[in-house]
Amino acid sequence: GLMIGLELGENSHRNEIVNTLFRKGLLVLPSGNRAIRIMPPLIITEEEITNGLSILNDVFSKLQE
């Protein structure tokens, strides 16, 4: 299947990000010390992709505030 990795900054609070994404409905996995893995199913719909990207954008944009 498809796996997407996102490497976060040194002080990214990765576990907090993983938990926040989960609370908003997006399941991601921690990887290493500062990365997350996204493993969408092969049968993912365009609507699910759009929703997932929206959740990611919402969480990451709040980190920059």
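Scroll up to find the structure.
We now turn to the structure provided with this report. (Residues numbered from 1 in each chain as written. Predicted model: local features only at pLDDT ≥ 70, side-chain atom pairs only at ≥ 80, totals over all residues. Heavy atoms only, no water.)

**A few points about a nonpolar patch on the surface**
Selection criterion: The patches described consist of residues with a relative accessible area above 30% and no salt bridge, like charges being joined within 9 Å and nonpolar side chains (Val, Leu, Ile, Met, Phe, Trp, Tyr) within 5 Å. Accessible surface area values rest on a Shrake-Rupley calculation with a 1.4 Å probe, where residue burial reflects the displayed protein chains alone. For salt bridges, the criterion is a side-chain nitrogen of Lys or Arg within 4 Å of an Asp or Glu carboxyl oxygen. Think of it this way: any DSSP run of H or I at least four residues long counts as a helix, any run of E at least two long counts as a strand, and we number them from the N terminus. Think of it in three bands: residues with accessible area under 20% of the maximum for their type are buried, residues over 50% are exposed, and the middle band is partly exposed, with areas taken using a 1.4 Å probe on protein chains only.
The grouping of Leu2, Ile4, Leu42 and Ile43 at the surface amounts to a nonpolar patch, some 460 Å² of accessible area in total. With respect to the helices and strands, Ile4 occurs in strand 1 (residues 4–7). Ile4 gets classed as partly exposed once you look at its relative accessible area, which sits at 36%.

**With respect to the packing of helix 1 (residues 14–23) against helix 2 (residues 46–63)**
As a reminder, the rule being used: Here the axes come from fitting lines to C-alpha atoms, over the contacting stretch only for helices, and the angles between their N-to-C directions go from 0 to 180 degrees. Each angle gets one of four labels, with under 35 degrees taken as roughly parallel, over 145 as roughly antiparallel, 65 to 115 as roughly perpendicular, and the rest as oblique. The handedness criterion is simple: a crossing whose near helix is rotated anticlockwise from the far helix by less than a right angle is left-handed, and one whose near helix is rotated clockwise is right-handed. Contacts are assigned to residue pairs that have any heavy atoms within 4.5 Å of one another. Amino acids outside the nonpolar list (Ala, Val, Leu, Ile, Met, Phe, Trp, Tyr, Cys, Pro) and the charged list (Asp, Glu, Lys, Arg) are all regarded as polar, and Gly is one of them.
Look at helix 1 against helix 2: their axes get within 10 Å of each other, and the N-to-C directions meet at 140°. Here helix 1 is positioned oblique relative to helix 2, judged by the angle of their axes. The two elements helix 1 and helix 2 meet at a crossing, and its hand is right-handed. Between helix 1, through Ile17, Thr20 and Leu21, and helix 2, the contact on the second element is made entirely by Ile55, Leu56, Val59, Phe60 and Leu63. Residues belonging to the contact of helix 1 with helix 2 are distributed by class as follows: seven nonpolar, one polar and no charged.

**Things to note about the side chain of Ser12**
Keep this limit in mind: Polar contacts here mean pairs of N or O atoms no more than 3.5 Å apart (in protein, one a potential hydrogen donor and the other a potential acceptor; neighbouring residues in sequence count only if both atoms are side-chain atoms).
Topologically, Ser12 is positioned in the loop between strand 1 and helix 1. Its relative accessible area of 14% is what places Ser12 among the buried residues. Here the side chain of Ser12 touches Gly9 through a polar contact of 3.2 Å, landing on its backbone oxygen. Setting aside residues up to four positions removed in sequence, Ser12 forms contacts with Ile17 and Arg34.

**Structural notes on the pattern of salt bridges**
For the structure shown, the criterion picks out four salt bridges. With a closest N to O distance of 2.7 Å, Arg34 and Glu7 form a salt bridge. With Arg34 in the loop between strand 2 (29–31) and strand 3 (35–38) and Glu7 in strand 1, this pair connects stretches of sequence that are 27 residues apart. Classification of Glu7 by relative accessible area gives exposed; the value is 60%. Here Asp58 makes a salt bridge to Lys62, at a shortest N to O gap of 2.6 Å.

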